[in-house]
Amino acid sequence: ETNKDKIRQLLKSNDIDLMKILTQEDQRTTLMIKNVPNKFTKEHFLSIFNKRFEGKFNLFLLPTDVKEKKNYGYAFINFISSFYILNFYNVICQ
């Protein structure tokens, strides 16, 4: 299973109404990704995201227990436009 497959599974477990984003009824720019495997690191995620989305997001947060060196199972990414959520979803989930 590849890293992209793991992220795809994570996103499928989160609700995103693409039609509401298309019609701009939903203008959110921040996504919360749940059920992140505890051994994923910020560098791990960013190496995947930056391949397709470099310059399209301005915040990535993966809360981590520094002592245990494990994340808490969720992450946040803030895109500079809600349009990029559609792009992100299509690239990762298709």
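Just above, that's the structure.
This one's a predicted model, so the numbers in the text were calculated from it and none came from an experiment.

Caption draft 1: Representation of the overall build of the protein within the structure. From N to C terminus, the protein includes four helices and five strands. Beginning at the N terminus, the succession of helices and strands in the protein can be written as α-α-β-α-β-β-β-β-α. Relative to all contacts within the protein whose residues are 6 or more apart in sequence, the contacts with residues 24 or more apart total 61%. Of the roughly 6000 Å² that the protein leaves accessible, carbon and sulfur atoms contribute 48%.

Caption draft 2: Inspection of the nonpolar core at higher detail. Formed by 23 residues in total, the largest nonpolar core has its most connected members in Phe49, Phe57, Phe60 and Phe79. Of all the elements in the fold, those that place two or more residues in this core are β1 (30–34), α3 (42–53), β2 (57–61), β5 (74–79) and α4 (83–93). Per element, the largest residue contribution to this core is six residues, and it comes from α4. Setting aside its immediate chain neighbours within four residues, Phe79 contacts Thr29, Leu31, Phe53, Lys56, Phe57, Tyr84, Ile85 and Phe88.

Caption draft 3: Representation of the sheet that holds β2 in the model. Taken together, three strands build an open sheet; the order of strands is β1-β5-β2 and the sheet is antiparallel. Every interior strand has two partners, whereas the edge strands, β1 and β2, have only one. Between one strand and the next, the sheet's axes are offset by a mean angle of 15°, whatever the strand orientation. Here β2 pairs with β5 via four bridges, running antiparallel. Within β5, the position partnered with Leu61 by the bridge is Phe76.

Reading the values: the criteria
- Residues numbered from 1 in each chain as written.
- Predicted model: local features only at pLDDT ≥ 70, side-chain atom pairs only at ≥ 80, totals over all residues.
- Heavy atoms only, no water.
- Helix = DSSP H or I, 4+ residues; strand = E, 2+ residues; numbered from the N terminus.
- Contact = heavy atoms within 4.5 Å.
- Areas by Shrake-Rupley, 256 points an atom, 1.4 Å probe, with all protein chains shown as cover.
- Core = buried A, V, L, I, M, F, W, Y, C linked by side-chain atoms within 4.5 Å.
- Buried < 20%, exposed > 50% of the residue type's maximum accessible area, 1.4 Å probe, protein only.
- Pairing = 2+ DSSP bridges.
- Axes fitted to C-alpha atoms, helices over the stretch in contact; angles between N-to-C directions.

Everything listed here is a matter of coordinates, which is why it stays silent on function.
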